[in-house]
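Structural overview
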Amino acid sequence: MAREFAKLFLSINGDVDFESLTADAQMFYTRVLLAEPTLSYCGIADWRPNRLVGRASDLTLPRILAAASELERRRYILVDIATEEVLVRSLIRRDNLLRNPKMAAAVTTAYYGAASRTLRAAIVTEIQRVRREHSEYSSWTHKDSAERLGQLLRMPNLDTVGYTNTIQVPDTNTEPVSNTNPITNTDPVHNTDPEPVTDTVPGPSEEHQSNNQSKSVPIPSTHTPHPTPSSGGDVTTEAHVAPAGSEPPPRRCPPHRDEPSPPPCRSCGEARKARDAWERAHTNEIRSTVRADRDAGHGCRMCDGRWRNPPAELLARHPDPPVVRCDHRTPTSLDHWHTSEEAS
């Protein structure tokens, strides 16, 4: 059976943890994720952020990724980029779906429809938690749900499988840079890796020109985070926050950088803490630059707010020209497209 409504408890207004989220993160969680038509009874939905931009007139892909990244760091959601799935982690528990045997059967059916091994382990963790907190539910012994719930309770949980943050907020600059993705600029740069163009946003300053990044491909880095004792004697990564202008450290250790679901790893945990610290230190700079670029695009006559409108003479000989990012300053000419034409 399909979901017809989403529960939103009024107690959310007194939830200190939820109120500490940004407005974008709160909106994305309640307005977009909880109301997502593909959200199943075990909390799994399709993760295709480009399709979510139309949910509000001013919603953009950078805002979606920033909100989702915040929710992921706070463990409101878990994401598997490889299988294009997102888990609203507490849906089973908060909606009391295991209280009723028929709903519990629907949860177990939805569990087997999830493709991600990591997200399935997170679902098992939630079911185990409900079993500890509500042993009085009839679902644990009812003929319609007892057997399947028992099977799920014996499956690997998140403590066994482990989880590493996967959402990366795009961080690029409108100035020409050497990039591994074929995104052309006003000063053409030859590319060597013809991967598909991905949606990117400008970084906080000119010093970030080496930071162009696809939203799904980590930036190669030689940075290795090392925890340093703080003044209180605890181990922390705050002392190793990269200064403004440096590239962000990777979220995983080098051996696990390209694995979609790496095993539990202490080095990955230290790398994740260092990356989170870097993002917190540069959040205001990134947001201010993104807003400035968006405002400049609204008044530009050469583009649709982001992508350059190709001239008529180019369309006459090339009906499907490459996509070119607009800098809202330089007049349109065929020079903007010649690099992409050569690469193709």
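Residues numbered from 1 in each chain as written. Predicted model: local features only at pLDDT ≥ 70, side-chain atom pairs only at ≥ 80, totals over all residues. Heavy atoms only, no water.

Points about the pairing of strand β3 (residues 85–88)
Residues of β3 alternate between two faces, with E85 and L87 on one and V86 and V88 on the opposite face, all of them buried. Note that strand β2 (residues 77–80) and β3 share 4 bridges and pair antiparallel. Residue pairing for β3: L78 is matched across the bridge by L87. Between the antiparallel neighbours β2 and β3 lie 4 residues, among them E84 with a positive phi of about 55 degrees. (Buried < 20%, exposed > 50% of the residue type's maximum accessible area, 1.4 Å probe, protein only. Helix = DSSP H or I, 4+ residues; strand = E, 2+ residues; numbered from the N terminus. Pairing = 2+ DSSP bridges.)

Digging into the packing of aromatic side chains
Inspection of every chain in the model, using the stated rule, returns 5 aromatic pairs. An aromatic cluster is defined as three or more aromatic residues linked by ring pairs; in this entry it consists of F18, Y29 and Y76. (Phe/Tyr/Trp six-rings, centres within 6.5 Å; stacked < 30°, edge-to-face > 60°.)

Section: the environment of A104
On the secondary structure map, A104 appears in helix α5 (residues 101–113). Taking C-alpha positions, A104 is 6.6 Å from S139, a pair spaced 35 residues apart along the chain. The contact partners of A104, leaving out residues within four places of it in the chain, are L97, L98, S139, S145 and L149. (Contact = heavy atoms within 4.5 Å.)

Regarding the packing of α5 against helix α7 (residues 146–153)
Closest axis-to-axis distance for the α5/α7 pair is 9 Å, and the angle between their directions is 45 degrees. The angle between the axes of α5 and α7 places the two elements in the oblique class. When the axes of α5 and α7 are compared, the crossing they make is left-handed. In this structure, α5 contributes A104, A105, T108, T109, Y111 and Y112 to the contact, and α7 contributes R148, L149, Q151 and L152. (Axes fitted to C-alpha atoms, helices over the stretch in contact; angles between N-to-C directions. Parallel < 35°, antiparallel > 145°, perpendicular 65-115°, else oblique. Left-handed = near helix turned anticlockwise from the far one by under 90°.)

Considering unusual backbone geometry
For E84, which is not glycine, the phi dihedral falls at a positive 55 degrees. Mapped onto the elements, E84 comes out in the loop between β2 and β3. Here N96, not a glycine, exhibits a phi torsion of approximately 55 degrees, which is positive. By secondary structure assignment, the location of N96 is in the loop between α4 (91–94) and α5. Judged by its relative accessible area of 26%, N96 falls in the partly exposed class.

Quick look at the sheet that holds β3
The strand order β1-β3-β2 describes an open sheet built from 3 strands, whose pairing is antiparallel. Edge strands, defined here as strands with exactly one partner in the open sheet, are β1 (44–46) and β2. Between one strand and the next, the sheet's axes are offset by a mean angle of 25 degrees, whatever the strand orientation.

Quick notes on the layout of surface pockets
One way to see where empty space is left: roll a probe the size of a water molecule over the atoms. If you add up the space inside the second largest pocket, you get close to 480 Å³. Around the second largest pocket, the lining is made up of 23 residues, and of these D15, Y29, Y76, S90 and R94 lie nearest the centre. Taken together, the elements giving at least two residues each to the lining of the second largest pocket come down to α1 (16–19) and α4. In terms of residue class, the lining of the second largest pocket is made up of 10 nonpolar, 2 polar and 11 charged. (1 Å grid on protein atoms, 1.4 Å probe; cavity = no way out; pocket = protein on both sides within 12 Å on 5 of 7 lines; lining within 4 Å. Points joined across faces, edges and corners; volume = space filled by probe spheres on them. Nonpolar A, V, L, I, M, F, W, Y, C, P; charged D, E, K, R; others polar.)

Side note on the pattern of salt bridges
Scanning the entire structure with this criterion turns up 10 salt bridges. The partner of D17 in a salt bridge is R74, with the nearest N and O atoms 2.9 Å apart. Taken together, the residues span a long stretch of sequence, with D17 in helix α1 and R74 in the loop between α3 (61–73) and β2 at a distance of 57 residues. The class for D17 is partly exposed, based on a relative accessible area of 39%. (Salt bridge = Lys/Arg side-chain N within 4 Å of Asp/Glu carboxyl O.)

With respect to the confidence of the model for the protein
Caution is warranted with low-pLDDT regions, since their predicted coordinates should not be read in detail. Residues at a pLDDT of 70 or more form 65% of the protein, whose mean pLDDT is 75. Across the protein, element-level confidence peaks in β3 with a mean pLDDT of 96 and bottoms out in strand β5 (residues 235–236) with 38. Here residues 196–242 scores under 50 on pLDDT; set against residues more than four positions off or in separate chains, the count is 116 contacts. (pLDDT = per-residue confidence, 0-100.)

Side note on the packing of helix α6 (residues 117–133) against α7
Between α6 and α7, whose axes approach to 9 Å, the crossing angle comes to 115 degrees. Every pair of crossing elements has a handedness; the one defined by α6 and α7 is left-handed. In this structure, α6 contributes V124, I127, Q128 and R131 to the contact, and α7 contributes L149, L152 and L153. Each residue belonging to the contact of α6 with α7 can be placed in one class, and the counts come to 5 nonpolar, 1 polar and 1 charged.

Section: the side chain of R275
Mapping R275 onto the fold places it in helix α9 (residues 266–298). Take R275: its relative accessible area is 5%, and that puts it in the buried class. From its side chain, R275 meets the backbone oxygen of P249 in a polar contact 2.9 Å long. (Polar contact = N/O pair within 3.5 Å; in protein donor to acceptor, adjacent residues only side chain to side chain.)

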